[in-house]
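Topology and contacts: notes
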Amino acid sequence: LEQAYKAREKQDKEIEEISKQLKALNMEKLELKGVVTQLQTTQNEWEDIVNELRNQKEHMEQKTTQLESEKEKLESRAADVFKQLERAKSAQHKQELEAKSKYEQIAFLNVENCELEETIANLKATKNEWETTVMELREQKSCLESSAFQLEAEKQEL
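Presented here is a report on the structure given in the accompanying data block. (Residues numbered from 1 in each chain as written. Predicted model: local features only at pLDDT ≥ 70, side-chain atom pairs only at ≥ 80, totals over all residues. Heavy atoms only, no water.)

1. A few points about the overall build of the chain
What counts, and what does not: Secondary structure counts use DSSP, requiring at least four H or I residues in a row for a helix and at least two E residues in a row for a strand, with both numbered from the N terminus. In this treatment the radius of gyration is a C-alpha quantity, and the globule benchmark scales as 2.2 Å times the residue count to the 0.38 power. The rule is simple: take the accessible area with a 1.4 Å probe, protein chains only, and divide by the maximum for that residue type; under 20% is buried, over 50% is exposed, in between is partly exposed. Pairs of residues are marked as contacts when any of their non-hydrogen atoms sit within 4.5 Å. Calculation of accessible area relied on Shrake-Rupley with a 1.4 Å probe; when residues are assessed, cover is drawn exclusively from the protein chains displayed.
The helix and strand inventory of the chain stands at two helices and zero strands. Against the globule reference of 15 Å for 158 residues, the chain gives a C-alpha radius of gyration of 36 Å, more extended than a compact globule. Within the chain, buried positions represent 16% of all 158 residues. Taking contacts inside the chain between residues at least 6 apart in sequence as the whole, the part at least 24 apart equals 83%. Accessible surface, the chain: about 12,400 Å² in total, of which carbon and sulfur atoms supply 52%.

Right, here's the structure in full:
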């Protein structure tokens, strides 16, 4: 009977030790779940940022296209002005009056053209910056996904 009692005490100690180990594993599991949740939240935030950057990039591309179209229209207008000047050469007095007006228009168009070219250059630089940012975010997302996969694998092993 004493032997049975000792065996029972030994079993109770083993059960208690296993119970402690199980509690420790459950705590680790909860901690890992928290880490996975944080990583998923971070990944969602990055995805939101990437989507916003894509939207901004698309908007910038549309604006660039619009500005290029406006530039082409202005260049076309400038070409029209030069054609008008050529036709106006037939009459000296008319030529002088029209030339003065056209030179003023050309100066205005050149200023507008320079401003548009500067705006286009700025938009292209901004577009390049966004593309770099998107590429960096994709790399970070890839690292996060890799980390999440490793954590999931470690979780599976547990």
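2. Quick notes on the pattern of salt bridges
Using the following cut-off: Note on definitions: salt bridges are taken to be side-chain nitrogens of Lys or Arg within 4 Å of carboxyl oxygens of Asp or Glu.
One pass over the structure, following the stated rule, counts nine salt bridges. Between Lys-57 and Glu-131 there is a salt bridge, with its nearest N and O atoms 4.0 Å apart. You can see Lys-57 sitting in helix H1 (residues 2-87) and its partner Glu-131 sitting in helix H2 (residues 92-157), a full 74 residues away along the chain. A relative accessible area of 31% means that Glu-131 is categorised as partly exposed. Each of Glu-47, Lys-141 and Glu-145 takes part in a single network of salt bridges with overlapping partners.

3. Here we look at the nonpolar core
Test applied: Nonpolar core, defined: a set of buried Ala, Val, Leu, Ile, Met, Phe, Trp, Tyr and Cys residues in which side-chain atoms within 4.5 Å join the residues together.
Core analysis: the largest hydrophobic core is formed by seven residues, namely Met-60, Leu-67, Leu-74, Leu-109, Leu-116, Ile-120 and Leu-123. Residue assignment for this core shows that the elements contributing at least two residues are H1 and H2. At four residues, the largest contribution of residues to this core is made by H2. Setting aside chain neighbours within four positions, we find Met-60 in contact with Leu-123, Thr-126 and Trp-130. Grouped together as the second largest cluster of nonpolar side chains are five residues, Leu-32, Val-36, Leu-39 and Leu-151 included.

4. A few points about the environment of Ala-24
Position of Ala-24 relative to the elements: it lies in helix H1. Look at Ala-24 and you get partly exposed, because its relative accessible area is 38%. Along the sequence, Ala-24 and Gly-34 sit ten residues apart, while their C-alpha atoms lie 15 Å from each other.

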